[in-house]
Amino acid sequence: MRGDPAAGRPALPPPLLLLLLLSRAAALHPSELFPYGQSRGDQLLQEGDDESSAAVKLTLSLRFYDAQFSDLYVGTNGIISTQDFPRETQYVDDDFPTDFPAIAPFLADIDTSGGRGRVLYRQDTSPAVLGLAASYVRAGFPLSSVHFTPTHAFLATWEQVGAYEEAKRGAPPSGELNTFQAVLASDESDTYALFLYPANGLQFFGTRPKESYNVQLQLPARVGFCRGEVDDLNRQGPYFSLTSTEQSVKNLYQHSNLGIPGVWAFHIGSTSPLDNIRPATVGGDLSKARPSAPLGQSFSHAVALEGDYTQDPLDDYDEIEEEIEYPPSEPAEASNGHSSVDVSLRDRISAPDSDLASPVPPSASQGGPETESSPLDPHTKERRPQGETDASDLKGRVESSEQPGTRVPTPAETEGDLPAPPGEAPPPSPEGGAGPVDQDALPAHPGGEAALPNYPGPDHAPHLGHRRQVVGVEDDISSNTEVFTYNAANKETCEHNHERCSRHAFCTDYATGFCCHCQSRFYGNGKHCLPEGAPHRVNGKVSGHLLVGHTPVHFTDVDLHAYVVGNDGRAYTAISHIPQPAAQALLPLTPIGGLFGWLFALEKPGWENGFSLTGATFIHDVEVTFYPGEERARITQTAEGLDPENYLSIKTNIQGQVPYIPANFSAHMAPYKELYHYADSAVTSTSTRTYSLMSGAINQTRSYRIHQNITYQVCRHAPRHWAVPITQQLNVDRVFALYSDEEKVLRFAVTNQIGPVEDVNECATGFHRCGPNSVCVNLLGSYRCECRSGYEFADDRHTCILITPPPDPCEDGRHNCAPASQARCIHHGDGSFSCACLPGYAGDGHRCTDVDECSENRCHPSATCSNTPGSFSCRCQPGYYGDGFQCTPEPTQRPRTVCERWRESLLEHYGGTPRDDQYVPQCDGLGHFTPLQCHGKSDFCWCVDQDGREVQGTRSQPGITPACIPTVAPPTFRPTPRPDVTPPPVGTFLLYAQGQQIGHLPLNGTRLQKDVAKTLLSLHGSIVVGIDYDCRERMVYWTDVAGRTISRASLEPGAEPETVINSGLISPEGLAIDHFRRTMYWTDSGLDKIERARLDGSERRALFHTDLVNPRAIAVDPIQGNLYWTDWNREAPKIEMSSLDGENRRILVNKDIGLPNGLTFDPFSKLLCWADAGTKKLECILPDGTGRRVIQNNLNYPFNIVSYADHFYHTDWRRDGVIAVNRDTGQFTDEYLPEQRSHLYGITAVYPYCPGRK
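Residues numbered from 1 in each chain as written. Predicted model: local features only at pLDDT ≥ 70, side-chain atom pairs only at ≥ 80, totals over all residues. Heavy atoms only, no water.

We now examine the overall build of the chain. A count of helical and extended segments in the chain gives 12 helices and 74 strands. The 1254 residues of the chain split such that 56% are buried. Taking all contacts inside the chain whose residues are at least 6 apart in sequence as the whole, residues at least 24 apart take part in 59%. (Helix = DSSP H or I, 4+ residues; strand = E, 2+ residues; numbered from the N terminus. Buried < 20%, exposed > 50% of the residue type's maximum accessible area, 1.4 Å probe, protein only. Contact = heavy atoms within 4.5 Å.)

Printed below as a string of structure tokens:
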């Protein structure tokens, strides 16, 4: 038995070891998984390809979504469920949602046979495991789970497991093995899930479906959750999916929603309403590998995972799951790529709990070093000593080296609220120091307290030197107390570090370090102190990349100057040389200058303005959303300290889109009040501001929503008490904005006062702007307007107007479609429309011409075709009967027999209606006497011979029927031919390839007649992929990747398959028949070749054998003489076309496609359409490359597609069925899932006539 990981190592309390790894940017090490192994009490799942555990009876019921479960099952295929699993063929290759509850850290076709890995699972209530799980959860959900204390945990570990592989003689199994872990932590009311993916733990990212054979397809692993109650056809229901592509799976161990690469946390169940899974939202590293995104975009976990580290563009695949917004940040790394941590643990440390064999992973809160790095001196560019050693508020003493550690991102950064300006490295943290650790997110080890060591983290400021911390732990640490004590011999004190304080501050020693405090008549944070009541100045630079309306405007390092009158809270700001369109558009953005109003606001007694907290180093991040246009902009203001003249230095960066304001308009804003919420090292404020644009008699009211986040450094050594209340109110009494085109200067002026929240019920006093049909809702320090049902906000965001549906041009006649007898107008719901010709007409919908179906030989050769506007009719010629599409010769009239003549004679004699006792000869269908004859309806019967003569001795008594033998010999019995082909009935139907058989699915109009579907042809040992039909000879053709052949069979009764190509093939896939020219075309993905031959296999030649990587689908337009094919080359997928002779080869589509598996040409609409398993879209285009449009953008995993009438039918590898999609609406209308579940490949439509011309 293999040993347990990390066995025998000393264990440390979760909070301590959690901090040890905070600063490390590398992915999770395998030894940092939760401890596991049979020695830990783990049960071992039986090895195999599709195994599941017995029910694990949970000590405490687990909450999943809104339900409670007492059993769990663990499966081989990277999945946990609350019920036993169905066979893997019913779910392992399907996309979410599953039909049963699923918790899937890596759902794929995994096989542990032959000792290839193991799956372990257990319940756990040890303090070490519960403490570690609590630390993760609290770090990922710092607001909602601050008091979460799990009482039970369930762990499942997949260690070194491999993907299912087909056995190949002489070929060893793949060496690609995966290791990952799922942990479910619960208390009485909530359940959280943790997914852990260690570095190099994911070596394969998906699995090939069983029965894929030579077809090269790999389905990415699914990661997420599903409640199990879903509507399969509409693909909606309570589920959450984290991955959708191979790249998103690859990034699992490099990304995180906790800020720790490889660790993911989710809130999966609660007694409170939980509509869907809630992922953690800290995730500072999610955007690390991403370029800055436009402000109009939001990040989701799935979208963030889609990114390739080597590519810039974001994948644009839509996901159904709930999106969590992240700012487009991209933290810079330390100049050497990592930070170093030197942790010295003495030999005589005993483990408080031997169950904790693996170190605690990095904290998601990214709390960092508590030693404040000193900033650069603005003149010498050398570091000025400054800062105090900080061990947070936890008890203990820290042994620190003389060098401060490098910086760890602050919580605001890790929670996604503090991005760097796009295109720039993020500015350094205040003083180069670290942000705070969320103390509530890092609890002490159960039973005791843990000191928080001072560890370095990634340096976000290139100029900060790389330093190393050495943490010493004293020799004598009791294993009973679980309390760690640190040597404080080198604790930094005021004696050696007082010069780090402002010269207007005093230094105070505390148990864990020192802090600076401003002297009387000065205010600030102790590092920076300014005289009370004196005026202050601010100097800085402003850069921006803006879209003003739709016009790009750029400016770099223009001057900003501000003058602050401290004794009355007035702040004046001037920005020079911003280009006029941008300056005019920035008039409403008073937050640019409003920052200085908050910093130096007049303080009411007992209240403090911003500078008293932040000092001169902080970051002000602002997100603004304008209404009604929903333009978005981001302002980042970075304070870089005080210069030698005590002027505050600040750098401002503005990005995004702002509404255009004409040059003759001025902006006016009324006084307002804002609430500022104070947390540890961060201040936030969210509000809505209205402003007026005026020019002469024109007065337009608009608004914007503003989210502000200010982060700064605090000294934690002083006793923990909040000198500043949790919430303060900023009263802005005067607001002024002006742009002078002559001076090229943009000016802001504000008058501010900071103090307590003075709530006024604006709704009760009438001091609100909610209009008719709205409801005023009072808020603390503000109010909100809500529209009544059936109303919506007008542009001013206050007035409510009746919701009126957009006009329907199809109803009111404002469209330019062809007449209703020729075309249909399609309303898209937003006032737009499109036109489509009705069946029987051709054109663009605006002009439609009648299609002469008779010229296309739609009727049977023995029928007469009559063309009518928009339609046609077929009628069988004299001497034939049928519906005109199929005509059968009428049988000739045979002469009447003796029996029939005698019968007619007697009936005539009886007057047409005989009595019940009168005899009438009984004749069979061929006119022969039936062996039994009777008097009318009486019981007097007898037997007759073939001439109608009575057989003596056979006349019966009443109530007894004589036994008569047939008078006509039965036909000679001959064996029927071997029934390989079961002939289908007349009409339109679909043929689909399903492994070793070809299926038959009739159509009733465009509806699938699923109840009469059947197997048309069984081909044991074959794998049928491509399929097409020759309507002239009623032959079906197919490619066989197992036999490496192309074959055909007639649809006549008893026909047998015939091989037409049996050499020179490796992996023949797509197949297309030209029934006009009696030619077939096929693709070979093994040879990377496209070939053609006559239908009997003769005159074979290669058309193309270069510039092909993975050719698959192929389609032919016999009328225009065009050939089309797809190449799903992952590096450069494309759709190409040429003439049928291979001339004029050209690329038709190579943009915005992924895995174009299926291709079809509709001879009636003249559209070329494809199904893409990469983009999940069904799209169409005209052969000239115009008119591209998306029909459906939410496919699962399509393989092949065919069009008929106004519908598309495609085979799907997730559903293992045939899916119907309406061409006009894009809606899924029907699906057929064969009873035998296996993958479906090619599909074709069989008409009762040949489409096209002679």
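Right, picking up where we left off after that structure.
A separate point is the UniProt feature "domain: EGF-like" (unreviewed entry) in the chain. Within this structure's numbering, the places UniProt gives as "domain: EGF-like" (unreviewed entry) are residues 759–801, 806–849 and 850–886. Segment residues 850–886 splits into 0% helix and 43% strand. End C-alpha atoms: 24 Å apart. (UniProt positions renumbered as here; feature names shortened; annotations may be inferred.)

Right, let's get into the pattern of salt bridges. Inspection of every chain in the model, using the stated rule, returns 37 salt bridges. With a shortest N-O distance of 2.9 Å, Arg814 and Asp812 are connected by a salt bridge. A relative accessible area of 48% places Arg814 in the partly exposed class. Here Arg858 ties to Glu856 by a salt bridge, and the two come within 3.0 Å at their closest N and O atoms. Of the two residues, Arg858 and Glu856, both sit in the buried class. (Salt bridge = Lys/Arg side-chain N within 4 Å of Asp/Glu carboxyl O.)

Inspection of every chain in the model, using the stated rule, returns 30 aromatic pairs. With 6.1 Å between their ring centres and 25 degrees between their planes, Phe85 and Tyr91 make a pair best called stacked. Following the ring pairs from residue to residue traces out a cluster consisting of Phe106, Trp158, Phe180 and Phe204. The ring of Trp942 is capped by Arg955, whose NZ or CZ atom sits 4.4 Å from the centre of that ring. Here the basic side chain of Arg1145 rests over the ring of Phe1104, its NZ or CZ set 4.9 Å away from the ring centre. (Phe/Tyr/Trp six-rings, centres within 6.5 Å; stacked < 30°, edge-to-face > 60°. Lys NZ or Arg CZ within 6 Å of the ring centre and 35° of its normal.)

The next subject is the pairing of strand E9 (residues 177–186). Across the 10 residues that make up E9, a large majority, 10, are buried. Alignment of strand E8 (residues 152–163) against E9, held across nine bridges, turns out to be antiparallel. From the neighbouring strand, Thr157 faces E9, where its bridge partner is Gln181. As paired elements, E9 and strand E10 (residues 190–196) share six bridges and run antiparallel to each other. Looking across to E10, one finds that Ala182 is bridged to Phe195. Count of turn residues in the E9/E10 antiparallel hairpin: three residues. (Pairing = 2+ DSSP bridges.)

Mapped onto the elements of the fold, Ser692 is located in strand E32 (residues 682–695). When near neighbours in sequence (up to four residues on either side) are disregarded, Ser692 contacts Ser666, Ala667, His668, Asn699, Gln700 and Thr701.

The next subject is the state of the cysteines. For the coordinates displayed, the defined rule picks out 16 disulfides. Two residues share a disulfide in this structure: Cys817 and Cys835, whose sulfurs sit 1.9 Å from each other. Taking the sign of the S-S torsion, -75 degrees for the link of Cys817 and Cys835, the bridge is left-handed. Of this pair, Cys817 sits in the loop between helix H11 (809–812) and strand E40 (823–827) while Cys835 sits in strand E41 (residues 833–837), placing them 18 residues apart in sequence. The exposure class of Cys817 is buried, given its relative accessible area of 12%. Each disulfide pairs two cysteine sulfurs, and for Cys943 the partner residue is Cys964, the sulfurs being separated by 1.8 Å. (Disulfide = S-S within 2.5 Å.)

If you look at the biggest cluster of nonpolar residues, it comprises 67 residues, and the most contacted ones within it are Ile575, Ile578, Phe596, Trp598, Leu599 and Phe600. If you tally residues by element for this core, the top one is strand E24 (residues 551–565), at six residues. Among residues more than four places away in sequence, those in contact with Leu599 are Asn609, Gly610, Phe611, Thr614, Phe618 and Leu648. With 54 residues, the next largest nonpolar core counts Leu72, Ala108, Phe205 and Leu242 among its residues. (Core = buried A, V, L, I, M, F, W, Y, C linked by side-chain atoms within 4.5 Å.)

Along helix H8 (residues 591–599), nine of the nine residues are buried, which leaves the element largely enclosed by surrounding structure. Taken residue by residue, H8 has Pro591, Ile592, Gly593, Gly594, Leu595, Phe596, Gly597, Trp598 and Leu599 as its buried positions.

Strands sit in the order E62-E63-E64-E65 across an open sheet of four strands; the sheet is antiparallel. Strands with a single pairing partner mark the edges of an open sheet, and in this sheet they are strand E62 (1111–1117) and strand E65 (1146–1149). Pairwise comparison of adjacent strand axes, ignoring direction, gives a mean angle of 30 degrees for this sheet. The pairing of strand E63 (residues 1122–1127) with strand E64 (residues 1134–1139) spans six bridges and is classified as antiparallel. Across the sheet, Thr1126 pairs through a bridge with Ile1135, a residue of E64. (Axes fitted to C-alpha atoms, helices over the stretch in contact; angles between N-to-C directions.)

Another point: the pairing of strand E55 (residues 1035–1040). Among the six residues that make up E55, six are buried, leaving the element largely enclosed by the rest of the structure. Neither face of E55 is exposed, since Met1035, Tyr1037 and Thr1039 on one face and Val1036, Trp1038 and Asp1040 on the opposite face are all buried. For strand E54 (residues 1024–1030) and E55, the ladder comprises five bridges, and the chain directions are antiparallel. For Tyr1029, the partnering residue across the bridge sits in E55 and is Val1036. Counting the residues in the hairpin turn of E55 and strand E56 (residues 1045–1050) gives four residues, including Arg1044, whose phi is positive at 55 degrees.

We now examine the confidence of the model for the chain. Of the residues in the chain, 77% have a pLDDT of 70 or more, and the chain-wide mean is 77. Confidence over residues 19–24 falls short of pLDDT 50; this stretch has 24 contacts with residues more than four positions distant or in other chains. When the criterion is pLDDT under 50, residues 230–235 qualifies, and its contacts beyond four places in sequence or with other chains add up to 17 contacts. (pLDDT = per-residue confidence, 0-100.)

Attention shifts here to the environment of Ala639. Among the secondary structure elements, Ala639 is positioned in strand E28 (residues 632–642). Placed 13 residues apart in sequence, Ala639 and Thr652 show a C-alpha to C-alpha distance of 8.8 Å. Contacts of Ala639, omitting those with residues within four sequence positions, involve Ala616, Thr617, Phe618, Leu648, Ser649 and Ile650.

For the rest of this paragraph, the subject is the sheet that holds strand E71 (residues 1207–1212). Pairing is antiparallel in the open sheet, where four strands are placed in the order E70-E71-E72-E73. The sheet is open, and its two edges are formed by strand E70 (1198–1204) and strand E73 (1228–1232), each paired on a single side. Strand after strand, the sheet turns through a mean of 20 degrees between neighbouring axes, direction not considered. Direction of pairing for strand E72 (residues 1217–1222) relative to E73: antiparallel, over a ladder of four bridges. Its bridge partner lying in E73, Val1221 is registered against Phe1228.

It is worth spelling out helix H12 (residues 898–909) at this point. End to end, H12 covers 16 Å across 12 residues, agreeing with the expected 16 Å (1.5 Å per residue, within 8%). Among all positions of H12, only Cys899, Glu900 and Leu906 are buried. Each buried residue of H12 sits inside an arc of 135 degrees when the element is viewed along its axis, so together they form one side. Residues of H12 that are exposed and point over 90 degrees away from its buried face: Glu908 and His909. (Expected span 1.5 Å × (residues − 1). Arc of directions from axis to C-beta.)

We now examine the side chain of Ser145. As for its position among the elements, Ser145 is in the loop between helix H2 (127–140) and E8. Taking the relative accessible area as the measure of exposure, Ser145 reaches 1% and is therefore buried. Polar contacts involving the side chain of Ser145 include one to the main-chain carbonyl oxygen of Phe141, which spans 2.7 Å. (Polar contact = N/O pair within 3.5 Å; in protein donor to acceptor, adjacent residues only side chain to side chain.)

Here we come to unusual backbone geometry. Following Tyr627, the chain continues to Pro628 via a peptide bond in cis, the omega torsion being 15 degrees. Residue Asp557 is not a glycine yet carries a positive backbone phi of 50 degrees. Counting through the fold element by element, Asp557 comes out in strand E24. For Asn646, which is not glycine, the phi dihedral falls at a positive 65 degrees.

Attention now moves to the environment of Gln123. Considering the arrangement of structural elements, one finds Gln123 in strand E7 (residues 118–124). Sequence separation of Gln123 and Ala156 is 33 residues, and the distance between their C-alpha atoms is 9.1 Å. With residues up to four places along the chain from it excluded, the contact list for Gln123 reads Val56, Lys57, Leu58, Thr59, Ala153 and Phe154. For Gln123, the side chain forms a polar contact with the main-chain oxygen of Lys57, separated by 2.7 Å. Of note is the side chain of Gln123, whose polar atom sits 3.0 Å from the backbone nitrogen of Thr59.

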